[in-house]
Amino acid sequence: MYRSETSFSVVIPCYNSELYIERCLDSIKNNNYEKVEIIIINDNSKDNTESIIKEYIDTHHELNIIYEKNDINIGAGKSRNKGINLSSGDYITFVDADDTVDYEMFSTLSSIADTKDCDCIIFNAKILNSNGKKHFDMFYGGGYSKSCEIPLTDALVYTKGCTCGKAYKNEIIKKNCVKFADLKRNEDLVYTKTALSCCNSVYFINKALYNYIENSKSLMQDVSLLDKNNAFKAYEMISHFFEGKKFADELNSIYLIEVVYSTTMTSIRKRENAKSNYKSMIRKYIKDDYYFKGYDLKYRIILLLFKLQLFGVVSTIV
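Predicted model, so just to flag it, every value in this text is computed and none were measured.

Colleague: How should the overall build of the protein be read in this particular structure?
Modeller: A count of helices and strands for the protein gives 12 helices and 10 strands. Relative to a compact globule of 318 residues, whose C-alpha radius of gyration would be 20 Å, the protein shows 19 Å and is just as compact. The C-alpha extent of the protein, read off along each of the three principal axes, is 60 × 45 × 35 Å. A total of 318 residues make up the protein; the buried ones form 55% of that total. Put simply, of all contacts in the protein between residues at least 6 apart along the chain, 79% involve residues at least 24 apart. If you average the places of the 42 positive and of the 42 negative side-chain charges in the protein, the two averages end up 8 Å apart.

What follows is the structure in structure tokens.
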């Protein structure tokens, strides 16, 4: 059993996860870490998810598991918010029920938390599918390839808005009432950017500690939920939260990569009018962008192709 002074709360929202939830819980158990609080929010599943969870709790008394079931289906974001309210660990992180974590995740995180006063710890992930695995970098750019402390402004711009790959000081999340947005998609973007804006210190661990397992039935793969308005609404929420924080340059860059880039890619993926979408969204972007040069070459090339209106080329190469 790995012992540390630092405790972690792991929030797991689940819906119809009978095929995956035990695998997810086993990966946390296999960390053999003493101070982990597992909070499972069952979003009114219709399959055998609940019975599997209850049996798991009954046969693993050594684990600290808090379980709640929603009376109605409220979505992953609101379920995570319920988990935040129930959490008591020093740090809080999130795991989806169909994913897993590395067996050294908590010992690695605690090695930083125990020695550095950091409000957020960022780490990479692996994407696993039938073709094998590939690395998932948690940044759009910034040139961070070694473990180090990251300037908050860089973290705000370059950190990807996905839920995974971050552990936050719980007191900061609760003190600033940071919540997931009530959106079908991009609810995690709002949480990530607003949470980071409340931090004073951010540390990056260059290790893949999270395993994102591609699941054809997951919400992330549901093209019908792709809606450019989600990204724009998320950005408006972030802008409102940033008021008075003097992050104008950072907001401009967030708009480029999270609204202009993502909505245009959504239009391409859904075979909509990408040209029209790009023109309408780029209007609010300020071209004098301090952070643009720091984006990875991949994103700079795609944004250049957007500017040249070569959307067909983007569709072919991505």
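Colleague: Looking at this structure, I do not really get a nonpolar patch on the surface. What am I missing?
Modeller: Where nonpolar side chains cluster on the molecular surface, the patch consists of L304, L308, L310, V313, I317 and V318 and spans about 530 Å² of accessible area. Inspection of the secondary structure puts L310 in the loop between α11 (297-307) and α12 (311-317). On the accessibility criterion, L310 (35% relative accessible area) is partly exposed.

Colleague: Got a minute to help me understand helix α3 (residues 76-86) in this structure?
Modeller: Within an α-helix, residues lying three or four positions from one another point in the same direction, as the helix has 3.6 residues per turn. Those residues of α3 that sit buried are G77, S79, R80, N81, G83 and I84. Taken together, the buried residues of α3 touch β1 (8-14), β2 (36-42), β4 (91-94), α6 (170-175) and α7 (187-197).

Colleague: Honestly, the packing of helix α1 (residues 21-29) against helix α2 (residues 49-59) in this entry has me stumped. Any pointers?
Modeller: Helix packing geometry: the angle between the two helix axes and the distance between the axes. Contact geometry for α1 and α2: axes closest at 10 Å, N-to-C directions at 30°. As the angle between them shows, α1 and α2 are arranged roughly parallel. Handedness of the crossing formed by α1 with α2: right-handed. In this structure, α1 uses I21, E22, L25, D26 and K29 to contact α2, whose residues at the interface are I52, I53 and Y56. Counted by class, the contact of α1 with α2 contains five nonpolar, no polar and three charged residues.

Colleague: Where do I start with the packing of α7 against helix α8 (residues 228-242) in this structure?
Modeller: Interaxial distance between α7 and α8 falls to 9 Å at its minimum, and their mutual angle equals 15°. Here α7 lies roughly parallel to α8, going by the angle between them. Crossing handedness for the pair α7 and α8: right-handed. Where α7 abuts α8, its residues L189, V190, K193, T194 and S197 lie against A234, M237, I238, F241 and F242. Here the contact of α7 with α8 is composed, by residue class, of seven nonpolar, two polar and one charged.

Colleague: Help me understand the pattern of salt bridges in this model?
Modeller: In a structure, side chains of opposite charge can pair up when their charged atoms sit close to one another. On inspection of all chains with the given rule, the structure shows 10 salt bridges. Across the pair K69 and E50 runs a salt bridge whose closest N-O atoms are separated by 3.5 Å. A residue pair is termed long-range when its members are at least 10 positions apart, and K69 in strand β3 (residues 64-69) and E50 in helix α2 qualify at 19 residues. Assessed through its relative accessible area of 22%, E50 is described here as partly exposed.

Colleague: What should I look at first to understand the confidence of the model for the protein in this one?
Modeller: Detailed conclusions should not be drawn from predicted coordinates in areas where pLDDT is low. Here the protein shows a mean pLDDT of 94. Residues at 70 or above account for 97%. Low pLDDT (under 50) marks residues 219-223, which in the prediction has 11 contacts with non-local residues, meaning those over four places away or in another chain.

Colleague: Would you mind showing me how to read unusual backbone geometry here?
Modeller: Both trends apply: most residues other than glycine have a negative phi, and most peptide bonds are in trans. Phi at N186 is positive, roughly 70°, even though this residue is not glycine. Position of N186 relative to the elements: it lies in the loop between α6 and α7. The phi dihedral of Q309 is positive, around 60°, even though this residue is not glycine. As for its position among the elements, Q309 is in the loop between α11 and α12.

How each quantity is defined
- Residues numbered from 1 in each chain as written.
- Predicted model: local features only at pLDDT ≥ 70, side-chain atom pairs only at ≥ 80, totals over all residues.
- Heavy atoms only, no water.
- Helix = DSSP H or I, 4+ residues; strand = E, 2+ residues; numbered from the N terminus.
- Rg over C-alpha atoms; globule rule 2.2 N^0.38 Å.
- Buried < 20%, exposed > 50% of the residue type's maximum accessible area, 1.4 Å probe, protein only.
- Contact = heavy atoms within 4.5 Å.
- Lys, Arg positive; Asp, Glu negative; His and termini not counted.
- Charge placed at Lys NZ, Arg CZ, Asp CG, Glu CD.
- Patch = residues over 30% accessible without salt bridge, like charges linked within 9 Å, V, L, I, M, F, W, Y side chains within 5 Å.
- Areas by Shrake-Rupley, 256 points an atom, 1.4 Å probe, with all protein chains shown as cover.
- Salt bridge = Lys/Arg side-chain N within 4 Å of Asp/Glu carboxyl O.
- Axes fitted to C-alpha atoms, helices over the stretch in contact; angles between N-to-C directions.
- Parallel < 35°, antiparallel > 145°, perpendicular 65-115°, else oblique.
- Left-handed = near helix turned anticlockwise from the far one by under 90°.
- Nonpolar A, V, L, I, M, F, W, Y, C, P; charged D, E, K, R; others polar.
- pLDDT = per-residue confidence, 0-100.

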